[in-house]
Amino acid sequence: MWQDAEQCGDGDPAVRIHPSACVAPGAALGSGVRIGPFAVVEEGAELGDGVRVQAHAVVHNSATLGAGAVVGVHAVVGGDPQDLKFDARVATRAVLGPGTVLREGATVHRSTGEEPTRTGSDCLLMGGTHVGHDCVLGDGVVVSQCAALGGHVRVGDHAVIGGGSGLVQWVRVGRLAMVGGLTKVERDVLPFTVVDGVPARQRGLNHVGMRRHGIPAAQQNALRRHFDGFTGLADFTAPPSGMPDAGELMPELRAFLAGPSRRGTTPVVPRPRPARDA
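What comes next is a walk through the structure. (Residues numbered from 1 in each chain as written. Predicted model: local features only at pLDDT ≥ 70, side-chain atom pairs only at ≥ 80, totals over all residues. Heavy atoms only, no water.)

## Examining the sheet that holds strand β24 (residues 166-167)
Then step 1. Pairing within the open sheet is parallel, and its nine strands lie in the order β3-β6-β9-β12-β15-β18-β21-β24-β27. Since the sheet does not close on itself, it has two edges, and those belong to β3 (22-23) and β27 (184-185), each with one partner. (Pairing = 2+ DSSP bridges. Helix = DSSP H or I, 4+ residues; strand = E, 2+ residues; numbered from the N terminus.)

## Focus: the nonpolar core
Then step 1. Counting 48 residues, the largest nonpolar core has Ile35, Leu47, Val59, Leu65, Leu137, Val155 and Val173 as its most contacted members.
Then step 2. When residues of this core are traced back to their parent elements, those giving at least two are β10 (63-65) and β13 (94-96).
Then step 3. Discounting residues that sit within four places of it in the chain, Val155 has contacts with Val136, Leu137, Gly138, Val141, Leu149, Ile161 and Val173. (Core = buried A, V, L, I, M, F, W, Y, C linked by side-chain atoms within 4.5 Å. Buried < 20%, exposed > 50% of the residue type's maximum accessible area, 1.4 Å probe, protein only. Contact = heavy atoms within 4.5 Å.)

## Quick notes on the pattern of salt bridges
Then step 1. If you walk through the whole model with that rule in mind, you get seven salt bridges.
Then step 2. Residue Arg103 pairs with Glu104 through a salt bridge whose shortest N-O separation is 3.0 Å.
Then step 3. Of the residues examined, Arg103 reaches a relative accessible area of 41% and is grouped as partly exposed.
Then step 4. Arg172 is paired through a salt bridge with Asp188; the nearest N and O atoms lie 3.0 Å apart. Of this pair, Arg172 sits in strand β25 (residues 172-173) while Asp188 sits in the loop between β27 and β28 (193-196); the two residues are 16 residues apart in sequence, bridging distant segments of the chain. Each member of the pair, Arg172 as well as Asp188, carries the same accessibility label: buried. (Salt bridge = Lys/Arg side-chain N within 4 Å of Asp/Glu carboxyl O.)

## Overview of unusual backbone geometry
Then step 1. Across the junction of Val198 and Pro199, the peptide omega takes the value -5°, indicating a cis bond.
Then step 2. Even without glycine at this site, Phe38 takes up a positive phi of about 60°.
Then step 3. Note on placement: Phe38 falls in the loop between β5 (34-35) and β6 (40-41).
Then step 4. What makes Phe38 exposed here is its relative accessible area of 51%.
Then step 5. Not every positive phi belongs to a glycine, and Trp170 is a case in point at roughly 75°.
Then step 6. For Trp170, the position within the fold is in the loop between β24 and β25.

## A look at the pairing of strand β12 (residues 76-79)
Then step 1. Sheet analysis places strand β9 (residues 58-59) next to β12, joined by two bridges and oriented parallel. Residue pairing for β12: Val58 is matched across the bridge by Val76.
Then step 2. Relative to strand β15 (residues 107-109), β12 runs parallel, the two sharing three bridges. Across the sheet, Gly79 pairs through a bridge with His109, a residue of β15.

Dropping the structure here:
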């Protein structure tokens, strides 16, 4: 059983709110919003057109949800930061981009400063995931089941964070990177790479992700030759003398490396070399 929003103090009859939901009069609801059983939407929350808030979900007063976003069962958006230094009286926000989906039990905390915790558009945060305070996610990011992002993490467009992974505070993950499941990420992850392990090590390139997003094979091969130049476990800083350049992708790699980092770069594991006859 549902009731029109105009019966709940909102002027848009296209909004549908379950009678058991608790929606504050001061919440801003766009057209076509759906709010499910026992959900809570606090005063000051902003929900764009077509947002769906499912059963038992909580949208705090610090939350802004872009058009078409989904807050799944028992998910929470805009909760206080888990930072012992934070004064909960400070007004900060958490922003979900258009089309972003939070599945069952996912949590996104509000920021500790003026810039909000933010996801881009069309992200998928699977069940039990956590996005900590002051994180910024690009467009199309996938955070898989039960992965956790510590505060101030930055994730580039279309990166994938594997299930059960943990990213420590201030880590950066580049565009189209892939973090393997159950990985402990203590240092930055370069764009286009795959990391795995405890602690994480760069294992190669995310050819599947690059192919899906239209990066030509020639550019992928140039990047692979670049990484093949490493002969030992080492930080990736700049190509050693004589190493092949990574083609059109190299400016993006250099820009990532030139960006501010508190963690350094995840070391590269060299590809095994074929044995030579004596």
